[in-house]
Amino acid sequence: MDTSEKPNPGQPHAMPAKTVKDLDPDDQPRERAIRHGCGQLPTADLWALILRTGIPGKPVTELCRDIMRENCGLIHNLERRDRRELLKIKGLGITKVIQIEAVLELMRRYSAEVPGERPIIRSSEDIDSLMRPRIANLPHEEIWIVLLNRQNSVLSIRKISSGSAVATVFDIKSIIRHAILESAEGMILCHNHPSGNLTPSREDDLITAKCKLACETMEIRMLDHLIISLQGKYSYNDMGRL
């Protein structure tokens, strides 16, 4: 139950949560979207269309403006908040937080989609373009693999693990299992550094060496290990370290 979105039953005089229908028609995001299109609405009003209800004494439009103000008006900043941080924002219960997370996940998936034929990996820039929308702005570390066929076309992209802001678990068995199931000829390892620091750690070097050895044993080409952050990328292959 999303208790933060409902008045306390023990407070009989508490104001009911306002919805967009309680606003003047000219201030209702839905009516403005119908007349002018969603492209004409500010970001806060787009969130209001999704969250729909406010809290006692505060309509949803005002709640969403507060949310954006707390994130300097940037969806980019909102995306970096984890669930615990979102729940600390007054007026956001678990239901609304999940709605926000769902929209942000749809945005990431849309940005990462490559329409048409399977993309071909020719350089670290191609890998970066493929993976940056998925992991560059995450507040925690994730390890992913890009599996390729003989022509270096992408067969699939798989998340292997998700961890904290500074580390995640590396599972070589899971990587090799996915590669075998997909009949992959090549593989690229990718992970992000939420801190923005692109310098590989000793653990990153060990992971690279371990993964390369396992791939060689299974006759799978390991093309690269890319570290990605908002500040850029680090390619083991480009640096001659693979």
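As a reminder, the structure under discussion sits directly above these lines.
Residues numbered from 1 in each chain as written. Predicted model: local features only at pLDDT ≥ 70, side-chain atom pairs only at ≥ 80, totals over all residues. Heavy atoms only, no water.

S.K.: So what's going on with the packing of helix α1 (residues 29-36) against helix α2 (residues 43-51)? Residues and values would help.
M.R.: The geometry of α1 relative to α2 is characterised by a closest axis approach of 9 Å and an angle of 110° between their N-to-C directions. By the angle between their directions, the pair α1 and α2 is classed as roughly perpendicular. For the element pair α1 and α2, the recorded crossing hand is left-handed. For the pair α1 and α2, contact is made by P29, R30, R32 and A33 and by D45, A48 and L49, respectively. Partitioned by chemical class, the residues of the contact of α1 with α2 number four nonpolar, no polar and three charged. (Axes fitted to C-alpha atoms, helices over the stretch in contact; angles between N-to-C directions. Helix = DSSP H or I, 4+ residues; strand = E, 2+ residues; numbered from the N terminus. Parallel < 35°, antiparallel > 145°, perpendicular 65-115°, else oblique. Left-handed = near helix turned anticlockwise from the far one by under 90°. Contact = heavy atoms within 4.5 Å. Nonpolar A, V, L, I, M, F, W, Y, C, P; charged D, E, K, R; others polar.)

S.K.: For the environment of K159, give the residues involved together with the corresponding values.
M.R.: Positionally, K159 belongs in strand β4 (residues 154-162). Linking K159 and V146, residues 13 residues apart in sequence, is a C-alpha distance of 9.1 Å. Setting aside residues up to four positions removed in sequence, K159 forms contacts with E142, I143 and W144.

S.K.: Before we move on, can you summarise unusual backbone geometry with the specific residues and values?
M.R.: Although it is not a glycine, N152 sits at a positive phi angle of roughly 65°. Here N152 lies in the loop between β3 (142-148) and β4. With relative accessibility at 17%, the residue N152 sits in the buried group. Here the phi dihedral of E219 falls at roughly 60°; this positive angle occurs in a residue that is not glycine. Here E219 shows up in the loop between α9 (202-217) and β6 (221-229). In this structure E219 comes out as exposed when scored by relative accessible area, which is 71%. (Buried < 20%, exposed > 50% of the residue type's maximum accessible area, 1.4 Å probe, protein only.)

S.K.: Can you break down the nonpolar core residue by residue, with the values?
M.R.: Counting residues in hydrophobic clusters, the biggest one holds 18 residues, and the most contacted among them are F170, I175, M187, L189 and C211. Listing elements by their share of this core, those giving two or more residues are β3, α8 (172-181), β5 (186-192) and α9. Excluding anything up to four places from it in sequence, C211 contacts F170, I172, I175, M187, L189 and M222. A44, V60, I67 and L86 belong to the second-largest nonpolar core, a separate cluster that totals 17 residues. (Core = buried A, V, L, I, M, F, W, Y, C linked by side-chain atoms within 4.5 Å.)

Just distances and angles here, no functional claims.
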